[in-house]
Amino acid sequence: MKCFKCGHETFETTTTDVTDLDSCLVVIRHVPCSECEFCGEVYYDGETVRQLEKITDTAKTISNEISVIDYEKHENAA
Ligand SMILES: [Zn+2]
């Protein structure tokens, strides 16, 4: 796919997704994504976005101040 921002090619990689909720910070590591080789913009596909929402919802209920979750491990457990 091409970057929506600058039109350069993207490549498959993984990233660390950080969601800042009011009560806590959710850090999800090894998230599969496409990253722009030019501007560094990161894109998730629809399935990944749904999975991230699920992980974030789960993390909220744990209510640690900071939750660090491995995407790959979570996916295997589900
Ligand atoms: Zn770009």
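The structure presented is a predicted model; accordingly, all values stated were derived computationally and were not measured.

*Asks:* Please provide a residue-by-residue account of the coordination of the zinc ion, values included.
*Replies:* Around the zinc ion, the protein contributes the donor atoms Cys3 (SG), Cys6 (SG), Cys36 (SG) and Cys39 (SG), which lie 2.3 to 2.4 Å from the metal centre. Of note, the donors binding the zinc ion are all from one chain and are spaced C-x2-C-x29-C-x2-C. Highlighted residues: cysteine 6 in the segment before β1 (10–20) and cysteine 39 in the loop between β2 (25–36) and β3 (42–43), separated in sequence by 33 residues. Relative accessible area serves as the criterion here: at 38%, cysteine 39 is assigned to the partly exposed category.

*Asks:* Describe the environment of lysine 54, listing the residues and the values that go with them.
*Replies:* You can see lysine 54 is positioned in helix α1 (residues 46–62). On the basis of relative accessibility, which here comes to 49%, the residue lysine 54 falls in the partly exposed class. A sequence separation of 20 residues divides lysine 54 from histidine 74, and the C-alpha atoms of the two residues are 10.0 Å apart.

*Asks:* Residue-level account of the nonpolar core, with values.
*Replies:* In this structure, Cys24, Val26, Ile28, Val31, Leu52, Ile55, Ala59, Ile69 and Tyr71 together form the largest nonpolar core, which totals nine residues. Mapped by element, the contributors of at least two residues to this core are β2 and α1. Beyond its immediate sequence surroundings of up to four residues, tyrosine 71 is in contact with Ile28, Arg29, His30, Val31, Pro32, Thr48, Gln51, Leu52 and Ile55.

*Asks:* Which residues make up α1, and what values do they have?
*Replies:* Its 17 residues place the ends of α1 25 Å apart at the C-alpha level, agreeing with the 24 Å of an ideal helix rising 1.5 Å per residue. If you check which residues of α1 are buried, you get Thr48, Gln51, Leu52, Ile55, Thr56 and Ala59. The buried residues of α1 all sit within an arc of 140° when viewed along its axis, so they share a single face. The N-capping residue of α1, defined by a side-chain oxygen 3.2 Å from the backbone nitrogen of glutamate 47, is aspartate 45.

*Asks:* Can you tell me about the pairing of β1, naming the residues and giving the values?
*Replies:* Where β1 lies against β2, 10 bridges are found, and the strand directions are antiparallel. Directly across from threonine 13, in β2, lies its bridge partner cysteine 33. Hairpin connection between β1 and β2: a loop of four residues separates the two successive antiparallel strands.

*Asks:* Describe the packing of aromatic side chains, naming the residues involved and giving the relevant values.
*Replies:* If you walk through the whole model with that rule in mind, you get one aromatic pair. Note on phenylalanine 4 and tyrosine 43: the rings are 5.3 Å apart at their centroids and 90° apart in plane angle, and the pair reads as edge-to-face. Here phenylalanine 4, found in the segment before β1, pairs with tyrosine 43, found in strand β3; they are 39 residues apart in sequence, far enough to count as distant. Residue class for phenylalanine 4 comes out exposed when judged on its relative accessible area of 70%.

What counts and what doesn't
Residues numbered from 1 in each chain as written. Predicted model: local features only at pLDDT ≥ 70, side-chain atom pairs only at ≥ 80, totals over all residues. Heavy atoms only, no water. Donors = N, O, S within 2.8 Å, 3.2 Å for Na, K, Ca; no water. Helix = DSSP H or I, 4+ residues; strand = E, 2+ residues; numbered from the N terminus. Buried < 20%, exposed > 50% of the residue type's maximum accessible area, 1.4 Å probe, protein only. Core = buried A, V, L, I, M, F, W, Y, C linked by side-chain atoms within 4.5 Å. Contact = heavy atoms within 4.5 Å. Expected span 1.5 Å × (residues − 1). Arc of directions from axis to C-beta. Polar contact = N/O pair within 3.5 Å; in protein donor to acceptor, adjacent residues only side chain to side chain. Pairing = 2+ DSSP bridges. Phe/Tyr/Trp six-rings, centres within 6.5 Å; stacked < 30°, edge-to-face > 60°.

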